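Each chain, letter by letter, is given below.
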Amino acid sequence: MIITNVNLVLENEVVKGSVEIKDGIIASMSDTQSQLPQAFDGENGHLMPGFIELHTDNLEQYFTPRPKVDWPPFSAMSAHDTQLIGSGITTVLDAVCLGDYRDEKRQANLEQFINTVVESQKRNLTRAEHRLHLRCEVPHESTVPAFEKFVNLPEVQLVSLMDHAPGQRQFVNLEAYRTYYQAKYNLADHEMEAYEARQMSLSERWSTQNRNEICRQCRELGIPTASHDDATEEHVTESKQLGMVIAEFPTTIEAAKRSHELGLKVLMGAPNVVRGGSHSGNVAAYELASLGVLDILSSDYYPMSLLEGVYMLAEDERNSLTLPQAVQLVTKNPAQALNLDDRGKIAEGKRADMVLAHKVDGHPLVKRVWRQGKKVF
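Residues numbered from 1 in each chain as written. Predicted model: local features only at pLDDT ≥ 70, side-chain atom pairs only at ≥ 80, totals over all residues. Heavy atoms only, no water.

A. Spotlight on the overall build of the protein chain. Of regular secondary structure, the protein chain possesses 13 helices and 16 strands. Against the 2.2 N^0.38 benchmark of 21 Å for 377 residues, the protein chain shows a C-alpha radius of gyration of 21 Å, consistent with a compact globule. A principal-axis box enclosing the C-alpha atoms of the protein chain has dimensions of 75 × 45 × 40 Å. When the 377 residues of the protein chain are sorted by exposure, 54% land in the buried category. Across the protein chain, contacts joining residues at least 24 apart in sequence account for 65% of those joining residues at least 6 apart. Of the roughly 16400 Å² of accessible surface on the protein chain, a fraction of 47% belongs to carbon and sulfur atoms. (Helix = DSSP H or I, 4+ residues; strand = E, 2+ residues; numbered from the N terminus. Rg over C-alpha atoms; globule rule 2.2 N^0.38 Å. Buried < 20%, exposed > 50% of the residue type's maximum accessible area, 1.4 Å probe, protein only. Contact = heavy atoms within 4.5 Å. Areas by Shrake-Rupley, 256 points an atom, 1.4 Å probe, with all protein chains shown as cover.)

Below, the structure written as structure tokens:
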């Protein structure tokens, strides 16, 4: 297969030309247009590597589209997969939360959720390649047993460690914590006080012990780990000492800069870019881009935000990112973080996972997607 009349987004430049695919692999590239009648005309769009998504809980909204509504799992998976592939995501780590189940529905769906991802891959039911990201809420007695139950699945590619207790990381501001959870769970003042006290007690009892044990096992198994919501240099130093390779959603410039300096890849949400800032009042992704300490974008809860975020960062005069550099935030850099050496670039010998995008009236749209040379959108 030949794709021609496209702007190839390479590592360091954009080149107008063609690409040839054989047996699902990029065989060659050219800076000329193909004259072969069977060549696919990309109509001057941008041809990028397929996007690699490390952290999304998008599948959950399809499992439970409304309160008290459970959707058939493989139908939910199909709808989720269709949205991802239509957003240019060809490799995805579906995130599942282990430990401290604030939401009973999430706990009830956990095993079914994981089995659906695993079985969908075994039966070749999806167009994107789906893997698993275990999000471990460390301040709870159930976290390590749940982690040990699933960590040996070959689909597990990333483990992150979280502590959402009041006064910790994302919720250093106790008032912000109360505002968020009191509204979320519709708690009266006395109920909120009891809930807050319980979470603080759990964090003090379990957080450090569980964080150390999970990281120890991941190091032995060779599974990459990520910190979550680091807020201080002390948090970052601990993450580095435990062998973590990704800093998910650092909440301050201080933590992001130190993570980047120590070699942790700083991951921020693409919705943060599209919206112009954090919905919870933490550091804005564009600020980190302007400082040169943004390494990876995640769509988090909104898959199309990856493509939109890439173009917005490349066109934002507040930073110096070129389009190839912005594209690396969703391709090369996440691939490197997971040691996926076969993808993430448009280069000879790499997997032909590719996205063809156009700007229409200033808005980026996905026109075609290929995974291993096969058209999937």
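Structure shown, so let's carry the discussion forward.
B. Here's a closer look at the pairing of strand β5 (residues 46–49). Both strand β1 (residues 2–9) and β5 contribute to a ladder of two bridges, which runs parallel. Looking at the pairing, Leu8 lines up with Leu47 of β5. (Pairing = 2+ DSSP bridges.)

C. Expanded view of the pattern of salt bridges. Evaluated as defined, the whole model comprises 15 salt bridges. When the shortest N-O distance is used, the salt bridge between Glu129 and Arg351 registers 3.0 Å. Of the two residues, Glu129 sits in strand β8 (residues 129–137) while Arg351 sits in the loop between α13 (332–337) and β14 (354–360), which places them 222 residues apart along the sequence. Under the relative-accessibility criterion, Glu129 is labelled buried at 12%. Shared partners join several salt bridges into a network, and the residues in it are Glu129, Arg131, Asp342, Arg343, Arg351, Asp353 and Arg371. (Salt bridge = Lys/Arg side-chain N within 4 Å of Asp/Glu carboxyl O.)

D. Broad picture of the side chain of Thr4. Locating Thr4 in the fold gives a position in strand β1. Once residues within four sequence positions are removed from consideration, Thr4 is found in contact with Gly17, Ser18, Thr32, Gln33, Ser34, Ala39, Phe40, Asp41 and Gly42.

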